[in-house]
Every structure is written in C-alpha cells, then in structure tokens.
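# Architecture and fold: a report
One letter stands for each residue in the lines below.
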Amino acid sequence: MKKETQAGPLHELPADLRKALFSTSKVKAAWEDITPLARNEWICWVTSAKKEETRQLRIARALEDLGKGKRRPCCWPGCPHRRPSAKKWFK
C-alpha cells in the first residue's frame, strides 16, 4: 500500500478529504509526512462533524493547519474510536 493512501488503523480516507488534501503539493507532502495514527486523527476529526457545514469548515482548517506544519488536530481529545469504551463496537 502506498504511503499517501494509508488512512490509519480504523478510518478510510473519504473522497472529499482526499481531494482537498491532494489539491496542493505542500499539504499533500505534509499529509504524507505524518504518521498513520496522526492521519487517522485528522480523518476522525473531519468525519465526526454532525453537520455538512462543520465538516467543510474542518476540511478547510485541516488544509490550513497541515500547510502550517501542524501534525494533529488542535484542541481535540482524540479519536473516540481508540478509547477503551469503544472496544465493544469494534470486535
């Protein structure tokens, strides 16, 4: 599997986020440079939005933050799917 297509341990990279991430070489390079776990957190942060409007805002912010060199979503407690309480859903 190519490095740029690895979404992380639990989440697939959605088409809209993929298109946005790979739209500029700087953001694409930043995405390819972060760990699979970090990619997974960005994906989860974007896809956990309840409203489409919020999702689009998060995609825009992800592009901005990754472009600035940030490696993880800021001020987010992390992927809820990785918490011990989530194990009951992912057996």
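Residues numbered from 1 in each chain as written. Predicted model: local features only at pLDDT ≥ 70, side-chain atom pairs only at ≥ 80, totals over all residues. Heavy atoms only, no water.

### Things to note about the overall build of the chain
Helix and strand counts for the chain come out as four helices and zero strands. Listed N to C, the secondary structure of the chain is α-α-α-α in terms of helices and strands. Of all 91 residues assigned to the chain, the portion counted as buried reaches 35%. Of the contacts formed within the chain by residues at least 6 apart in sequence, a portion of 69% connects residues at least 24 apart. Just so you have it, the chain exposes about 5900 Å², and 54% of that area is on carbon and sulfur atoms. (Helix = DSSP H or I, 4+ residues; strand = E, 2+ residues; numbered from the N terminus. Buried < 20%, exposed > 50% of the residue type's maximum accessible area, 1.4 Å probe, protein only. Contact = heavy atoms within 4.5 Å. Areas by Shrake-Rupley, 256 points an atom, 1.4 Å probe, with all protein chains shown as cover.)

### Examining helix α4 (residues 52–67)
A rise of 1.5 Å per residue sets the reference length of α4, with its 16 residues, at 22 Å; its end C-alpha atoms lie 23 Å apart and thus fit the reference within 8%. All of the buried residues along α4 are R55, I59, A62, D65, L66 and G67. Residues of α4 that are buried make contact with α1 (15–21), α2 (25–33) and α3 (36–47). Immediately downstream of α4, the backbone of G69 shows phi near 100 degrees, a positive value. (Expected span 1.5 Å × (residues − 1).)

### Quick word on the packing of aromatic side chains
Enumeration over the complete set of coordinates arrives at one aromatic pair. Their ring planes at 80 degrees and their centres at 5.8 Å tell us that W42 and W45 sit as a pair that is edge-to-face. Here W42 pairs with W45, and both are found in helix α3, just three residues apart, close to one helical turn. Look at W42 and you get buried, because its relative accessible area is 1%. Classification of W45 by relative accessible area gives buried; the value is 7%. Across from the ring centre of F22, 5.5 Å away, lies the NZ or CZ of K28, which sits over that ring. (Phe/Tyr/Trp six-rings, centres within 6.5 Å; stacked < 30°, edge-to-face > 60°. Lys NZ or Arg CZ within 6 Å of the ring centre and 35° of its normal.)

### Notes on the pattern of salt bridges
In total, this model carries six salt bridges according to the counting rule given. The shortest N-O distance in the salt bridge between D16 and R55 comes to 2.9 Å. Taken as a pair, D16 in helix α1 and R55 in helix α4 lie far apart in primary sequence, 39 residues in all. Judged by relative accessible area, R55 falls into the buried class, the value being 16%. (Salt bridge = Lys/Arg side-chain N within 4 Å of Asp/Glu carboxyl O.)

### Considerations on the packing of α3 against α4
The geometry of α3 relative to α4 is characterised by a closest axis approach of 8 Å and an angle of 150 degrees between their N-to-C directions. Taken as axis vectors, α3 and α4 run roughly antiparallel relative to one another. Residues W42, W45, V46 and T47 of α3 form the contact with α4, whose own contacting residues are R55, R58, I59, R61, A62, D65 and L66. Residue composition of the contact of α3 with α4, grouped by class: six nonpolar, one polar and four charged. (Axes fitted to C-alpha atoms, helices over the stretch in contact; angles between N-to-C directions. Parallel < 35°, antiparallel > 145°, perpendicular 65-115°, else oblique. Nonpolar A, V, L, I, M, F, W, Y, C, P; charged D, E, K, R; others polar.)

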